[in-house]
Structure formats: C-alpha cells, structure tokens
Amino acid sequence: RGSMAAPRSFSAAEVRARCAQGSCLVRCRRRLYDLSGFVRLHPGGEQLLRRRAGTDVSAALDGPPHRHSANARRWLEQYYVGEMESGEEEQPEIPLHRARCGSCRGYSCSSPLPQDLVDWQKPLLWQVGYLGEKYDEWVHQPVDRPIRLFHSDFLEALSKTAWYVVFMVWAPVVLYLSWVSYTSLAWGDTRLFSSFTTEYSIPVHKYYFPLIFLLGMFLWSLLEYLIHRFVFHMKPPASNYYLITLHFLLHGQHHKSPFDSARLVFPPVPASLGIGFFYGVLRLLLPEVLGLSLFVGWLCGYIVYDMMHYYLHYGSPKKGTYLYGLKAYHVKHHFEHQKAGFGISSRFWDHSFRTLIPEEETFKKED
C-alpha cells in the first residue's frame, strides 16, 4: 500500500482569490476547508458562513452563538482541502473558557477523519448488521455523501424519492377524498355511536368536516412524534443482525447521511403500506364517512410533515422566523441530541412528553 500524498499547501493570496470568485474557504488554524457545497445547508444561514470566508473559524466553533458538537467538527473534516503555507496563518486569540472546549468535547479541528467501518463502494444495508455494538455510535456520526442500500437497481430506485413526488402522489388523494367526505356528510345520515345506540347517537353534519380534518392533522402530529421516538429511535440489540438492518432501513440511513436529498421523504410504495394500515384501523373504529374524514386530515398532516422535513434540511429560512428556529432545532437532533427533539413539524409533543432539546448556554461576545 502506497503512502498517502502530502496535503496541498495554499498561500493566503490564493485563498483570498478563490473566495473573491465565490468559494467559501475557511481555516481552522493551519487546516483549510472548502465549504462551498455546504453553505446553503448551514443551519445558521448561508450569509453567516459567507461572512467568515477566508478567516480562521477555530474560535467560532466554540461560540458564540453556540458551541459546535463533536459531530459538527467531524463533519467539517469532510471538506478538508489542504494546509495554509507556514507563517501565513493567523492564530486567533481564544479566551480560556473556550480554548479547552474543542478537544474536551471529543473532536478538534486538527483531527483527520478515521477509517470508516463499512465499504462505501458496496450497498450498505447488508453491511451494517455486522457492526454489532459499534452500530449505534457509527450511525449517529453523520457524513455528507449519498447512500446506496441495495444491489438491485430496481429496489434502489424504489428506496429513493424526490421531494415533490410526495406532493404529486398524495395531494390529489387528499383533494378527492375531501370532496367525497364532505358530500357524504351532506347526506345527513352519518351518526356517531350509532353502532351502540340509536337513541343517543350524535349526528355528524357536513359543517363539522373542517374540524374533523384539523383533528386528523393533529392526530398525525402525535403519531409523527411516537413513530420517530419509539420506532425510528429504538436501539437495536447489538447481537441482532436483522434488527440493526431494519433500523438502518427505516431511519438509520437518514441519520448517517442527513443531506442525501433522495432519502429525505418517504417513497410512495412503502408509505402506502403504512397509510393503508392506518386507514383500515380508522374503518374498524369509526363510522365509514367519519373515519374517512379523519383520515383525510391525517394524510394532509403527513404531506405537510414530509415537505417540512425536506425544507428543514435543504431550505434557507429567514433568521428569526419559526422555520429558522425549527431548522436549528432539527439539526441539533441530528448532530448532538439524538435522544431528544423528536418533533419535526412542531415542538408541541416534545414539550408535552419532556423530550425538548435543552437550551444551550449563551455567550457574551468579547470586545
């Protein structure tokens, strides 16, 4: 095996010239990183990184406005392109309360990426089960690269979905079933509890449809939280190859590669199985039209969730808006707080079930 090539050296003039042409190069002491492909995805906003182009970010990694996690530092290493020429880097002054944080949090900007535990040239789904006790740590160390799951091109295609496909497939279903539900309720023969009693059954008028629809959306938000927390974030036994493989298929792949754009929303084929199951449950528990009306709102909630989830990864919300805060909150879930922050479209259920990601300690900027 040949020795690794020495890292390329960059002069300060070359860095300035590349930044002037639109690249976003930053330094961490002597190590140089090209963040041009990441700036749009940065949870703090593109302009924040653009303003730091050509500068040393080693102090900024420890705040303000917040300390970056070990995973964030590890993520930075993926964009390493070389070293500054000796004597051309400027060492920033780092206050003592920050200087000790970079290494004590498990990863510093001088640490190269370790060798991976899997072969990325082969489908990952059949490899991860062999990681055993190393799987949980490995899957929660995110990388910026696409994932291939299957050997079969057909199965691989079914496992990927562009964000707009979800809207194109399910929005017409919501519109059609909303019309069916409303017109069916307009007949006036839908009654609640009619299977138990006719004397005290409650008529369901067509004007109740918007309320039932919103109740369905609210029900989806609860199910979204419960599935994310108790199914997607189950910790499979280290000795069980099949449960590890299943976990990676359901959600682990997303945590390993959170910016794989083809794997941010549910593919329609597997999604239809879960959607059909939920509809069947409602048909068993409620009168047909009432169950359908609730289901339509639930399905709309799912569409909003999937669209919002994609936007939280790839969108650039304006600073100070609700979505800006939600994007930062979701990124914390991926990079540092995997055992909290299970709400995607809102933090309501995290508040209710006490799984809210804790507020970070704040910093005052030094003069």
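Remember, it's a predicted structure, so these values are computed and weren't measured experimentally.

(A) Representation of the overall build of the protein. Across its full length, the protein carries 14 helices and six strands. Considering only contacts within the protein whose residues lie at least 6 apart along the sequence, 71% involve residues at least 24 apart. Surface exposure of the protein reaches about 20,300 Å², of which carbon and sulfur atoms provide 61%.

(B) Up close: the packing of aromatic side chains. Tallying each qualifying case throughout the model produces 33 aromatic pairs. Look at Trp349 and Phe353: their rings are 5.9 Å apart centre to centre, the planes differ by 25°, and that puts the pair in the stacked class. Taking the relative accessible area as the measure of exposure, Phe353 reaches 37% and is therefore partly exposed. Following the ring pairs from residue to residue traces out a cluster consisting of Phe38, Trp75, Tyr79, Trp163, Tyr164, Phe259, Tyr310, Tyr314 and Phe335. Above the plane of the ring of Phe10 lies Arg8, whose end atom (NZ or CZ) is 4.2 Å from the centre. Against the face of Tyr329 rests Arg347, its NZ or CZ located 4.7 Å from the ring centre.

(C) Here's a closer look at the UniProt feature "binding site: Zn(2+) 2" (unreviewed entry) in the protein. Feature annotation in UniProt places "binding site: Zn(2+) 2" (unreviewed entry) on His330, given in this structure's numbering. The exposure class of His330 is buried, given its relative accessible area of 3%. What His330 contacts, discounting residues up to four positions off in sequence, is His254, His309, Leu312, His313 and Ile344. A polar contact of 3.3 Å, which involves the side chain of His330, links it to the side chain of His309.

(D) Structural view of the pattern of salt bridges. Across all of its chains, the model carries twelve salt bridges by this definition. Notably, a salt bridge pairs Glu77 with Arg31, separated by 2.7 Å at the nearest N-O pair. Note that Glu77 is positioned in the loop between α3 (70-76) and β4 (80-84) and Arg31 in strand β3 (residues 31-34), a separation of 46 residues in sequence. The pair formed by Glu77 and Arg31 is uniform in burial state, with each residue classed as buried. Among the salt bridges present, the one from Arg263 reaches Asp260, with a minimum N-O distance of 3.6 Å.

(E) Broad picture of the pairing of strand β2 (residues 25-28). A two-sided burial pattern is seen for β2, the buried positions comprising Leu25 and Arg27 on one face and Val26 and Cys28 on the other. In the sheet, β2 pairs with β3 via four bridges, with the strands oriented antiparallel. If you follow Leu25 over to β3, its bridge partner there is Asp34. Once β2 ends, the chain turns through two residues before running back antiparallel as β3, passing Arg29 with a positive phi of about 60°.

(F) Highlighting helix α11 (residues 268-285). Over its 18 residues, α11 runs 25 Å from end to end, which matches the ideal 26 Å to within 8%, given 1.5 Å per residue. For α11, the full list of buried residues reads Ala271, Ile275, Phe278 and Leu282. Buried residues of α11, viewed axially, fall in a sector of 60°; they line one side. Across α11 from its buried face, at more than 90 degrees, point the exposed residues Leu273, Phe277 and Leu284. In this structure, the buried residues of α11 make contact with α8 (163-186), α9 (209-232) and α12 (288-314).

(G) Quick look at the layout of surface pockets. Roughly 1,000 Å³ of volume is contained in the second largest pocket. Along the wall of the second largest pocket there are 36 residues; nearest its centre are Phe232, Leu250, Phe266, Pro270 and Ala271. Those elements giving two or more residues to the lining of the second largest pocket turn out to be α7 (153-158), α9, α10 (241-256), α11 and α12. Among the residues forming the lining of the second largest pocket, the class breakdown is 25 nonpolar, eight polar and three charged.

Thresholds, definitions, all that
- Residues numbered from 1 in each chain as written.
- Predicted model: local features only at pLDDT ≥ 70, side-chain atom pairs only at ≥ 80, totals over all residues.
- Heavy atoms only, no water.
- Helix = DSSP H or I, 4+ residues; strand = E, 2+ residues; numbered from the N terminus.
- Contact = heavy atoms within 4.5 Å.
- Areas by Shrake-Rupley, 256 points an atom, 1.4 Å probe, with all protein chains shown as cover.
- Phe/Tyr/Trp six-rings, centres within 6.5 Å; stacked < 30°, edge-to-face > 60°.
- Buried < 20%, exposed > 50% of the residue type's maximum accessible area, 1.4 Å probe, protein only.
- Lys NZ or Arg CZ within 6 Å of the ring centre and 35° of its normal.
- UniProt positions renumbered as here; feature names shortened; annotations may be inferred.
- Polar contact = N/O pair within 3.5 Å; in protein donor to acceptor, adjacent residues only side chain to side chain.
- Salt bridge = Lys/Arg side-chain N within 4 Å of Asp/Glu carboxyl O.
- Pairing = 2+ DSSP bridges.
- Expected span 1.5 Å × (residues − 1).
- Arc of directions from axis to C-beta.
- 1 Å grid on protein atoms, 1.4 Å probe; cavity = no way out; pocket = protein on both sides within 12 Å on 5 of 7 lines; lining within 4 Å.
- Points joined across faces, edges and corners; volume = space filled by probe spheres on them.
- Nonpolar A, V, L, I, M, F, W, Y, C, P; charged D, E, K, R; others polar.

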